[in-house]
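Survey of secondary and tertiary structure
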Amino acid sequence: MNFLPDWPPTYTSQIAFGILLLAGALGGYLAHRISWLPSITGFMAIGFLIGPSGIDLLTQSALEQARPLIGVALALILYRLGLSLDLRAMLRDRRLLLVAVAESVATFLACYGCLVWMGLSAFLAALAASIAISSSPAVLIHVAHELAAAGPTTERAKEMVAINNLFAFLVFSAVLPFAHLATDADLGTALLQPIYQLAGSALVAFASAWLLVQIARHTRSAPQYRFALVVGALMLGVGIADSLLLSPLFVPLAMGVAVRSLEAESETLSDIEFGETFELFFIVLFVFAGSKIKPALFSQIGLLALAFIGARFLAKWLIVHGFLWRHGIGHRSAAATALLLMPMAGLAIGLVQTAEQLFGAQVETLYALILVAVALLETLGPPLAAWAFRLSGETAKVGTGRPAP
């Protein structure tokens, strides 16, 4: 009877997506019942519970089926973050750019020095230090939305996270030639591969953004199609980047920045409302992240990861808090901005996967280090971000999902 399915049935992307959403909604609801706990923590906890390290409802095969959906979710989040970065405004007020450059340099040097001191090879330490510059846009955007946070601290944090992720990709690309040479690649590959990836990704991002802005200008009388236009252009850009072996992470972030810069003030692509549908992508992303947590890695590389996180925390905190406070930003606002840069997630995972594709088994230690660091920072990040928003005084809610009296 060959009309019957195989047993057990094969996981499909639809089944994986359904499990991610249903379980995530349940985790979010349980977190919602604890007033101080962000829903992201609930998403990740339920992901860990049903993942391969838990009851294995979401098997490794199911997670592989869900990976394209995760790519879509991360692309939308990075694009939305890129929209927060107004290059014209930044050029008029260079203070934020200056602190972002100083903080990125300090983070790289602190993490590189710490990892080399602890015995990691120079090229792995440099790759890890470049990844350490990045910050999580998903945690920032989701917790800000959940707490209805709005104000100068929130906007400043969004801009700095966007700059951090741009710099992380640029520094990672700059380190790649040394990594290629350290792994015995030829000089041509060492020099040309990073240039191809960076220049190609930037070109695809700008072309996709230009196309989106032009179509939006000619269809401005039908605003109901703007969201579809954004998603279509974004998926086109990411798909082209994938097919050309470029960066599907840098393209959506740079697209957001380019759209914000190309638009005239009277146009509204930069202010588009993503609506409640956007919540689905956050749920899927964080349940997936929780399911990838592997406790066994903590015993293998936990000490190195703690040192890495500590160096990163100190560099970001001292530079951002110190610089902003010295230039007239209040202590609470400066502290909140620094704390909101601490979570690290999607871009970090994407960059370490890029390193794995390029260097294979030679970066096993780097892969484990970043996974453990992301697991810790994504677990602690949401409560830390919620506390930072409340510290800034810019939340309209006193608890997760509860209106302030």
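Owing to the predicted nature of the structure, the values given are computational and were not obtained by experimental measurement.

About the cut-offs
- Residues numbered from 1 in each chain as written.
- Predicted model: local features only at pLDDT ≥ 70, side-chain atom pairs only at ≥ 80, totals over all residues.
- Heavy atoms only, no water.
- Helix = DSSP H or I, 4+ residues; strand = E, 2+ residues; numbered from the N terminus.
- Rg over C-alpha atoms; globule rule 2.2 N^0.38 Å.
- Buried < 20%, exposed > 50% of the residue type's maximum accessible area, 1.4 Å probe, protein only.
- Contact = heavy atoms within 4.5 Å.
- Areas by Shrake-Rupley, 256 points an atom, 1.4 Å probe, with all protein chains shown as cover.
- Lys, Arg positive; Asp, Glu negative; His and termini not counted.
- Charge placed at Lys NZ, Arg CZ, Asp CG, Glu CD.
- 1 Å grid on protein atoms, 1.4 Å probe; cavity = no way out; pocket = protein on both sides within 12 Å on 5 of 7 lines; lining within 4 Å.
- Points joined across faces, edges and corners; volume = space filled by probe spheres on them.
- Nonpolar A, V, L, I, M, F, W, Y, C, P; charged D, E, K, R; others polar.
- Core = buried A, V, L, I, M, F, W, Y, C linked by side-chain atoms within 4.5 Å.
- Salt bridge = Lys/Arg side-chain N within 4 Å of Asp/Glu carboxyl O.
- Bend = angle between axes of the 7 residues up to and from the residue.

**So, the overall build of the chain**
Scanning the chain from N- to C-terminus turns up 16 helices and 2 strands. Relative to its length of 405 residues, the chain is compact, with a C-alpha radius of gyration of 21 Å against a globular reference of 22 Å. Projected onto the principal axes, the alpha-carbon positions of the chain cover approximately 75 × 55 × 45 Å. In the chain, which comprises 405 residues, the proportion classed as buried is 53%. The contacts in the chain between residues at least 6 apart in sequence include a share of 81% that link residues at least 24 apart. Summed over all atoms, the accessible surface of the chain reaches about 18000 Å², with 67% contributed by carbon and sulfur. If you average the places of the 22 positive and of the 23 negative side-chain charges in the chain, the two averages end up 9 Å apart.

**Side note on the layout of surface pockets**
If you add up the space inside the largest pocket, you get close to 1200 Å³. Arg-67, Leu-249, Ile-349, Gly-350 and Gln-353 are, among the 47 residues lining the largest pocket, the residues nearest its centre. Within the residue set of the lining of the largest pocket, elements represented by two or more residues are helix H3 (60–83), helix H9 (187–218), helix H10 (226–243), helix H12 (277–291), helix H13 (295–326), helix H15 (346–359) and helix H16 (364–392). For the lining of the largest pocket, the per-class residue count stands at 31 nonpolar, 11 polar and 5 charged.

**A word on the environment of Gly-381**
Within the secondary structure, Gly-381 sits in helix H16. Taking the C-alpha atoms as reference points, Gly-381 and Pro-152, separated by 229 residues in sequence, lie 21 Å from one another. Setting aside chain neighbours within four positions, we find Gly-381 in contact with Val-139 and Pro-343.

**Digging into the nonpolar core**
Counting residues in each nonpolar core, the largest one holds 136 residues, and the members touching the most others are Leu-127, Phe-286, Phe-308, Leu-366 and Leu-369. When residues no more than four places from it in sequence are discounted, the contact partners of Phe-286 are Ile-40, Phe-43, Met-44, Ala-138, Val-139 and Glu-378.

**Side note on the pattern of salt bridges**
Under the defined criterion, the tally for this structure stands at 2 salt bridges. Of the charged contacts, one joins Lys-316 and Glu-103 as a salt bridge, the two residues approaching to 2.5 Å between their closest N and O atoms. In this pair, Lys-316 sits in helix H13 while Glu-103 sits in helix H5 (residues 95–117), placing the two residues 213 residues apart along the sequence. Glu-103 sits in the buried class, given a relative accessible area of 0%. One salt bridge connects Lys-158 with Glu-155, and the closest N-O pair in it is separated by 4.0 Å. With Lys-158 and Glu-155 both in helix H8 (residues 152–182) and 3 residues apart, the pair spans about one turn of that helix. Among the residues examined, Glu-155 registers a relative accessible area of 39% and is labelled partly exposed.

**Considerations on H13**
The sharpest bend along H13 reaches about 80 degrees and sits at Ile-301. Gly-328 occupies a position one or two residues after H13 and carries a positive phi of about 90 degrees.

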